[in-house]
Amino acid sequence: MATIAEALALALDHHLAGRLAEAQELYHRILDAEPDQPDALHFLGVLAGQVGEHALGLQLIGRALAQRLDAADMHANIANVWRAAARPAEAVASYRRAIALQPGFAEAWTDLANTLHHSGDTRRAIAALERAVATAPALDVARERLGALLHERGRLLVEAGMGVESLPVLARAAALLPLDADIAFLHGNALFALGLREDSLAAYRNALAITPDFPSAALNLGIALGAVDRLPESAAALECAARLDVRHTEAIDRLVVALALLGREEEAVAWGERALALKDRAALAHAPALPALPATPRDAEARRRKVIAFALTGSGEKAMGGLLQNLSLASALHPGWDCRVYHDHALPAAVLAELAELTAAGAALVPVPMAGDPDGAYARLAVADDPAVERFLCRDATVLLTPSQADAVAAWEASGLPFHVMRDGVLDTEMMPGGQWGGIAGLLPDLLPLVDRYAAAEPDADRFLRRIVWPMIRDRALVHDRHHRRHGLPFPG
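Novice: Which residues make up the state of the cysteines, and what values do they have?
Specialist: Scanning the model with the defined rule gives 0 disulfides in all. No disulfide involves Cys 339; its sulfur sits 13 Å from that of Cys 394, the nearest cysteine. For Cys 339, a relative accessible area of 6% corresponds to the buried category.

Novice: Could you give me a rundown of the pattern of salt bridges, with the residues and numbers involved?
Specialist: Scanning the model with the defined rule gives 28 salt bridges in all. Between Glu 90 and Arg 87 there is a salt bridge; the shortest N-O distance is 2.7 Å. Relative accessible area serves as the criterion here: at 27%, Glu 90 is assigned to the partly exposed category. With its nearest N and O atoms 2.8 Å apart, the salt bridge here joins Asp 280 to Arg 474.

Novice: Lay out unusual backbone geometry in plain terms, naming residues and giving numbers.
Specialist: With phi around 60°, Ala 86 is a residue other than glycine that occupies positive phi space. Considering the arrangement of structural elements, one finds Ala 86 in the loop between helix H5 (72–84) and helix H6 (88–101). Despite not being glycine, Asp 299 has its phi angle at roughly 50°, a positive value.

Novice: Residues and numbers for the packing of aromatic side chains, please.
Specialist: Within the structure shown, the criterion is met by 5 aromatic pairs. Plain terms: the ring middles of Tyr 27 and Phe 43 are 6.4 Å apart, the flat faces sit at 25° to each other, and that makes the pair stacked. On the criterion of sequence distance, the pair formed by Tyr 27 in helix H2 (residues 20–33) and Phe 43 in helix H3 (residues 38–50) is long-range, its members being 16 residues apart. For Tyr 27, a relative accessible area of 0% gives the class buried. Consider the rings of Phe 185 and Phe 214, whose centres lie 5.0 Å apart with planes at 40°: the pair is tilted. Note that Phe 185 is positioned in helix H11 (residues 181–193) and Phe 214 in the loop between helix H12 (197–210) and helix H13 (215–227), a separation of 29 residues in sequence. A residue is classified by how much of its surface remains accessible, and Phe 185, at 17% relative accessible area, is buried.

Novice: Residue-level account of the sheet that holds strand S4 (residues 389–395), with values.
Specialist: Pairing is mixed in the open sheet, where 7 strands are placed in the order S3-S2-S1-S4-S6-S5-S7. The sheet is open, and its two edges are formed by strand S3 (363–367) and strand S7 (477–481), each paired on a single side. Averaged over neighbouring strand pairs, the angle between their axes works out to 20° when direction is ignored. As defined by bridge partners, strand S1 (residues 305–312) adjoins S4 across 5 bridges and the pair is classed as parallel. Within the sheet, the bridge partner assigned to Arg 305 lies in S4 and is Val 389.

Novice: Please set out the side chain of Asp 424 residue by residue, giving values where relevant.
Specialist: Note that Asp 424 resides in the loop between strand S5 (419–423) and strand S6 (436–440). Polar side-chain contacts of Asp 424 include one of 2.9 Å to the side chain of Gln 405. A polar contact of 2.4 Å, which involves the side chain of Asp 424, links it to the side chain of Arg 482. Leave out the neighbours within four places in its chain, and Asp 424 touches Gln 405, Gln 436, Arg 482, His 483 and Phe 491.

Definitions and limits used
- Residues numbered from 1 in each chain as written.
- Predicted model: local features only at pLDDT ≥ 70, side-chain atom pairs only at ≥ 80, totals over all residues.
- Heavy atoms only, no water.
- Disulfide = S-S within 2.5 Å.
- Buried < 20%, exposed > 50% of the residue type's maximum accessible area, 1.4 Å probe, protein only.
- Salt bridge = Lys/Arg side-chain N within 4 Å of Asp/Glu carboxyl O.
- Helix = DSSP H or I, 4+ residues; strand = E, 2+ residues; numbered from the N terminus.
- Phe/Tyr/Trp six-rings, centres within 6.5 Å; stacked < 30°, edge-to-face > 60°.
- Pairing = 2+ DSSP bridges.
- Axes fitted to C-alpha atoms, helices over the stretch in contact; angles between N-to-C directions.
- Polar contact = N/O pair within 3.5 Å; in protein donor to acceptor, adjacent residues only side chain to side chain.
- Contact = heavy atoms within 4.5 Å.

Here it is, written out as structure tokens:
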């Protein structure tokens, strides 16, 4: 006959190997011979908890504990059953008793942390895991869990705008999990946001070393390198991002800028062509359901005026100089066209007074209150459905009108097409640059309600035009593009 100790050893072998039926039978035989044998009660209770018989497991381990109140492992295991039975408060109390008996019990600290985290107490969960890692640095499950919780906490701090507070949290997470590219990437973002550009480079490079096919890390590395005036390296990183994700238009747009600044115009144009092709396809694929444009303008007989629409919002100070020059240039370059300045109510009285003096020269002030429109690009869209307007041009106040563009407008008027889009620079890689398009008024639906609906999701007016307006006009527009020949005609002359 086997001794109790031998039977227990064999039962544990079965138990640890997952042969639960064989283990259970041996535990019962031991208890038949010795009904209060604490180890058999303990391990049979653990097994009961594993198969979902929580009440039985608590009863059996409780009987064992009555004999061995100082057994830390029994307190930890009854805590596991309490946790499985969805009784977190009792589980926490039992884990704490186990730790009080054995302060270096790293597994109990880890299980306590998991229970606290699932109960919503992440701060204490992190503290418990720090104790687990301190007592058992080689306990992978504790280190990995701690790194994951710190990663999540750091992410929440970054999203809450608490970048300074996030740095030690993310640095600790990166030290615990040095091969986690996501942590390195987020750490880089936090460093960059705080102006620690050079430090962010190391974090982004680490993320790419861990995961070479990480386009967002390559993109942000390129942005950070550009911010510290290392343009050749920035261009290389941005090209890496663009090649890793061939549909990453932000990476391509930034690469075009870097290449242009480096004087590599031919490459900039080639990448710009790719950006335009991608944006065109995406705009058509994801365009919302919009009405088809009518063949003729609404109330065409009442439309007589041709209007160049500018906009001013906020203080207006930055745009004033260019706007005043443009109002003067417009009469020479676009005879017969009136100028309008759409504005919100935040313009200083002195600016409004100065603009008002120009109304006699053909400039009109049109108040259009638009929330979330810092540069006025949305406000001037009101011109597209003005009942008195026959044709309109949307122009930027800070970009001077040119004879070349005026010739392009004349070519458009002669073309018979209802809309006109210009891309005048190598950096113009939007389908419809907000200050370089126009059309016959009364064809498009009223755009301001669409702005109200979509502007929160599309705060950039150029992207709004690409998503909402471009799909409606692309087949009825004359496009002049000075550099991207596959996406428009050359400028006249």
